[in-house]
Amino acid sequence: MNAVKKSRATLIGVVLAFALPVIGAKFVLDQSWYEGAATNKGIMLSPPITLSEANNAILPEGWHVALIADQACAENCMQALYAMNQLDIALGKESDRVTPLLLSSSPVNMALDLVPIVQPLQNASLVRELAALPAHHLFIIDPMGNVMLHYPSYSDEATMRAKAKELLSDLRTLLKLSRMG
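Residues numbered from 1 in each chain as written. Predicted model: local features only at pLDDT ≥ 70, side-chain atom pairs only at ≥ 80, totals over all residues. Heavy atoms only, no water.

Asker: Run through helix α3 (residues 75-90), naming residues and quoting values.
Answerer: For an α-helix, the turn length of 3.6 residues means that residues three or four places apart are oriented alike. In this model, α3 (16 residues) spans 22 Å end to end at C-alpha, consistent with the 22 Å of a helix rising 1.5 Å per residue. Taken residue by residue, α3 has N76, C77, Q79, A80, L81, A83, M84, N85, L87 and D88 as its buried positions. Buried residues belonging to α3 abut β2 (63-68), β3 (98-104), β5 (137-141) and α5 (157-177). Within two residues after α3, G92 carries a phi angle of roughly 65°, on the positive side. (Helix = DSSP H or I, 4+ residues; strand = E, 2+ residues; numbered from the N terminus. Expected span 1.5 Å × (residues − 1). Buried < 20%, exposed > 50% of the residue type's maximum accessible area, 1.4 Å probe, protein only. Contact = heavy atoms within 4.5 Å.)

Asker: Before we move on, could you go through the pairing of β2 and cite the residues and values that matter?
Answerer: Within β2, six of the six residues are buried, which leaves the element mostly enclosed by the surrounding structure. Residues W63, V65 and L67 of β2 are buried on one face, and the alternating residues H64, A66 and I68, pointing to the opposite face, are buried as well. Where β2 lies against β3, six bridges are found, and the strand directions are parallel. If you follow V65 over to β3, its bridge partner there is P100. Note: β2 against β5, four bridges, orientation antiparallel. By the bridge assignment, H64 is partnered in β5 with I141. (Pairing = 2+ DSSP bridges.)

Asker: Let's hear about a nonpolar patch on the surface: which residues, and what values?
Answerer: Taken together, the side chains of F27, V28, L29, W33 and Y34 define a hydrophobic patch exposed on the protein surface, amounting to about 580 Å² of accessible area. Following the sequence through the fold, F27 ends up in helix α1 (residues 3-30). Overall, the relative accessible area of 45% leaves F27 in the partly exposed class. (Patch = residues over 30% accessible without salt bridge, like charges linked within 9 Å, V, L, I, M, F, W, Y side chains within 5 Å. Areas by Shrake-Rupley, 256 points an atom, 1.4 Å probe, with all protein chains shown as cover. Salt bridge = Lys/Arg side-chain N within 4 Å of Asp/Glu carboxyl O.)

Asker: Please provide a residue-by-residue account of unusual backbone geometry, values included.
Answerer: Outside of glycine, negative phi angles account for most residues, and trans bonds account for most peptide bonds. Between S46 and the following residue, P47, the backbone shows a cis peptide bond with an omega angle of 0°. Residue placement: P47 occurs in strand β1 (residues 43-50). Here the phi dihedral of H136 falls at roughly 60°; this positive angle occurs in a residue that is not glycine. Residue placement: H136 occurs in the loop between α4 (124-129) and β5.

Asker: Got a sec to walk through the sheet that holds β2? Specific residues and values, please.
Answerer: Reading across the sheet, the six strands line up as β1-β6-β5-β2-β3-β4 and stay open at both edges, with mixed pairing between neighbours. Lying at the two open borders of the sheet, with one neighbouring strand each, are β1 and β4 (119-122). Adjacent strand axes in the sheet meet at a mean angle of 30° when their direction is disregarded. By the bridge criterion, four bridges tie β3 to β4 in an arrangement that is parallel. Paired with L101 across the strands is Q119, a residue of β4. Its contacts with the sheet place α3 against β2, β3 and β5, and it is angled at close to 165° to β2. (Axes fitted to C-alpha atoms, helices over the stretch in contact; angles between N-to-C directions.)

Asker: Requested: an account of the environment of I117, with residues and values cited.
Answerer: Relative to the elements of secondary structure, I117 occurs in the loop between β3 and β4. With 88 residues separating them along the chain, I117 and L29 place their C-alpha atoms 46 Å apart. Setting aside its immediate chain neighbours within four residues, I117 contacts N85, D88, I89 and P100.

Asker: Run through the pattern of salt bridges, naming residues and quoting values.
Answerer: A full pass over the atoms with the stated rule returns four salt bridges. With its nearest N and O atoms 3.0 Å apart, the salt bridge here joins K26 to D30. In this pair, K26 and D30 are both assigned in helix α1, four residues apart and thus about one turn of the helix distant.

Nothing here speaks to function; it is geometry throughout.
Structure (structure tokens):
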């Protein structure tokens, strides 16, 4: 083989060595053979619930971890409130970026002295806008007013603590990746 043919074969080999993996990856993605790994631990809302501007303006600035209270707020609701209170403490230096909220459409008839960090917020239109969320679930609201993840609450303290750790993990990831709030 002469030098020209040898250099062409080398060039084609180098181009193929770089092009084939890219073409193969494109083919795998186009055929939907690769689903990717979900890194969040909460239940993802797809599409997220986007709050109206009026309701988003009612909320304090920054990120929010919220729970909708009703008159039937039993032990699982109290465990969720306690977890929200502890979550704020567990965030450390990032705690000023997150506000734990107890949302309700009517005045709340429960003692919130055990969870002093949780802020009650009474607004019927905001609660109606979040009606698609399951009852007694904790959820994360970003600074733009998008509800993207929710987590069930449990009456068992150990189970609720494990779910709160998952929420904390997801919230830390969101805060780390976000430049807002």
